[in-house]
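# Summary of the model geometry
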Amino acid sequence: MKKVYLIMMLVLGFTIASCSSEQSLQQYYIASAENPNFMSFDLPSSLLDLETANLTESEKEAASSLKKLNVLAFQKKPENEADYLVQKNVIKSILKSDDFSELMKMNTPFGKATIQLKGDDDTIDELVIYGDNDEKGLVLVRILGDDMNPASLMQLVKAVEKSDFDGKGLEQLGDLLKG
């Protein structure tokens, strides 16, 4: 009986130890979709209109790896300032985990921003753009794809520049950034 009890306790201990108490970015997106302070939407890669652009083979390959963008935005108002600070800290703690590598920090006219990636040297699982402005709010964009290659990121940027993307579908996000 003691052996059975010991084995059950070991299995339970390993199960609990293997479960991470840290929230993933995907879990955060799902939980935040129900928060009325957030605006959440998914954008298909077809919105970027890359099919009609005159792309090189390497740009086409980079564009074909892009699948969709998940956008989560929080518009700061006087009545939700406390929630804004909480959400900002939660996002920053998720992005500081070992899962993400910081690619770049930027200061933009809209506020501070970072670009981070999740994956290894050969393939990127997701690219994350996070920006915040203590007057306007924050925005979190996940760029998801299949076998995205770190070396192809610049090709993807060039492909988007060549497309006829005019921002349609992003009006709500633009309104948020304008304040």
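Below you will find a few notes about this structure. Bear in mind that the values here come from a model prediction, so they are computed numbers and not experimental data.

## Quick notes on the layout of surface pockets
Each pocket or cavity is described by its volume, and for the second largest pocket that value is around 280 Å³. Residue lining of the second largest pocket: 13 residues in total, with Lys92, Glu102, Lys105, Thr114 and Tyr130 positioned closest to the centre. Those elements giving two or more residues to the lining of the second largest pocket turn out to be helix H4 (81–95), strand E3 (100–108), strand E4 (111–119) and strand E5 (124–133). Looking at the lining of the second largest pocket element by element, the count peaks at four residues for E4. Its residues assigned to classes, the lining of the second largest pocket shows four nonpolar, two polar and seven charged.

## Some thoughts on the pairing of E3
The side chains of a regular strand alternate, first on one face of the sheet and then on the other. Here eight bridges tie E3 to E4, and the two strands are oriented antiparallel to one another. Across the sheet, residue Glu102 finds its bridge partner in E4, namely Gln116.

## Concerning H4
For H4, which comprises 15 residues, the first-to-last C-alpha distance of 21 Å matches the rise-based estimate of 21 Å (1.5 Å per residue) to within 8%. Looking at H4, one finds that the buried residues are Tyr84, Gln87, Lys88, Ile91, Ile94 and Leu95. Down the axis of H4, the buried side of the element spans an arc of 130°, and every buried residue falls inside it. Exposed residues on H4 whose side chains face more than 90 degrees from its buried face are Ala82 and Asn89.

Procedures and definitions
- Residues numbered from 1 in each chain as written.
- Predicted model: local features only at pLDDT ≥ 70, side-chain atom pairs only at ≥ 80, totals over all residues.
- Heavy atoms only, no water.
- 1 Å grid on protein atoms, 1.4 Å probe; cavity = no way out; pocket = protein on both sides within 12 Å on 5 of 7 lines; lining within 4 Å.
- Points joined across faces, edges and corners; volume = space filled by probe spheres on them.
- Helix = DSSP H or I, 4+ residues; strand = E, 2+ residues; numbered from the N terminus.
- Nonpolar A, V, L, I, M, F, W, Y, C, P; charged D, E, K, R; others polar.
- Pairing = 2+ DSSP bridges.
- Expected span 1.5 Å × (residues − 1).
- Buried < 20%, exposed > 50% of the residue type's maximum accessible area, 1.4 Å probe, protein only.
- Arc of directions from axis to C-beta.

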